[in-house]
Structure formats: C-alpha cells, structure tokens
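So the chains spell out like this:
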Amino acid sequence: MKTVGAAEFKARCLRLIKQMNQDGEPVTVTNRGRPVAILSPIPEQAPSASIIGAMAGTVLAYDDPLAPAADPADWASLL
C-alpha cells in the first residue's frame, strides 16, 4: 500500500487517483506521519438485478385473496 503525506496528496490528488485506478493499489494519506484516510478503488459490482420478479416464490400461503386483511371487530370505533 502506498503512503503519501496530506500536502503531497493535495498537490497530486488527480494523478494519484488515476494511478490507483490503473494498478488497484490503495493509497494511505497521512498527516504528520499518522494515517488519516485510505483511498481505495471501488470494487467492480455485478449489474443489479431487475426488481421485476425479485419477490417471486416468497408467498407462503394464498388462501383467500378477497378476504379482509383484519378482523372487522378490530375496526370498532372508540366512541
């Protein structure tokens, strides 16, 4: 892992980012010798799956789709 001081990072930021993307090596930024940040490339991600059909197969029971969702007695008013 490369290590650069904050002042050098500030002066060469774009060049360091470009080089990091090419070689994939993270860069540690230090301030007075103490590590304060790590710059690392984002890992490549697989394209996200479509949300259409994402819940397929998750319904466990489908007894009566027209039945009320709650007992009608639960809707009694508090008058």
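See above for the structure.
Now for a look at the structure at hand. Every value quoted in this text rests on a predicted model; they were computed, and no experiment measured them. (Residues numbered from 1 in each chain as written. Predicted model: local features only at pLDDT ≥ 70, side-chain atom pairs only at ≥ 80, totals over all residues. Heavy atoms only, no water.)

Some thoughts on the overall build of the chain
Step number 1: Assigned secondary structure in the chain consists of 1 helix and 3 strands.
Step number 2: When its helices and strands are written in sequence order, the chain yields β-α-β-β.
Step number 3: Here the chain has a C-alpha radius of gyration of 28 Å; the compact-globule value for 79 residues is 12 Å, and the former is much larger.
Step number 4: Each principal axis of the C-alpha atoms in the chain carries an extent, and together these give about 70 × 35 × 20 Å.
Step number 5: A separation threshold of at least 6 residues defines the contact pool for the chain, and within that pool the share at least 24 residues apart is 36%.
Step number 6: For the chain, the computed accessible surface area is about 7300 Å², with 60% contributed by carbon and sulfur atoms. (Helix = DSSP H or I, 4+ residues; strand = E, 2+ residues; numbered from the N terminus. Rg over C-alpha atoms; globule rule 2.2 N^0.38 Å. Contact = heavy atoms within 4.5 Å. Areas by Shrake-Rupley, 256 points an atom, 1.4 Å probe, with all protein chains shown as cover.)

Structural notes on helix H1 (residues 6-23)
Step number 1: Taking 1.5 Å of rise per residue, 18 residues should cover 26 Å, yet H1 covers just 21 Å from first to last C-alpha, more than 12% shy of that figure.
Step number 2: The largest bend along H1 reaches roughly 85° and is located at Arg12.
Step number 3: Inspection of H1 places Phe9, Leu16 and Met20 among the buried residues, and these make up the whole buried set.
Step number 4: With its phi angle positive at about 75°, Gly24 sits one or two positions after the end of H1. (Expected span 1.5 Å × (residues − 1). Bend = angle between axes of the 7 residues up to and from the residue. Buried < 20%, exposed > 50% of the residue type's maximum accessible area, 1.4 Å probe, protein only.)

Let's talk about the side chain of Thr30
Step number 1: With respect to the helices, strands and loops of the structure, Thr30 is situated in strand S2 (residues 27-31).
Step number 2: Under the relative-accessibility criterion, Thr30 is labelled buried at 12%.
Step number 3: The residues contacting Thr30, other than those within four sequence positions of it, are Thr3, Val4, Gly5, Ala6, Pro35 and Val36.

Structural notes on the sheet that holds strand S1 (residues 2-5)
Step number 1: In space, the 3 strands of this open sheet follow the order S1-S2-S3, with mixed pairing throughout. Bordering the open sheet on either side are S1 and strand S3 (34-39), each of which pairs with just one other strand. For this sheet, the mean inter-axis angle between neighbouring strands, taken without regard to orientation, is 30°.
Step number 2: Here S1 pairs with S2 via 4 bridges, running parallel. Looking at the pairing, Lys2 lines up with Val27 of S2. (Pairing = 2+ DSSP bridges. Axes fitted to C-alpha atoms, helices over the stretch in contact; angles between N-to-C directions.)

As for the environment of Glu25
Step number 1: Considering the arrangement of structural elements, one finds Glu25 in the loop between H1 and S2.
Step number 2: Classification of Glu25 by relative accessible area gives partly exposed; the value is 27%.
Step number 3: With 24 residues separating them along the chain, Glu25 and Met1 place their C-alpha atoms 6.1 Å apart.
Step number 4: Glu25 has contacts with Met1, Lys2 and Met20, leaving out every residue within four places of it along the chain.
Step number 5: Here Met1 takes part through its backbone nitrogen, which lies 3.4 Å from a polar atom of the side chain of Glu25. (Polar contact = N/O pair within 3.5 Å; in protein donor to acceptor, adjacent residues only side chain to side chain.)

Structural notes on unusual backbone geometry
Step number 1: A positive phi angle is found at Arg32, which is not glycine, with a value near 55°.
Step number 2: By the element assignment, Arg32 lies in the loop between S2 and S3.

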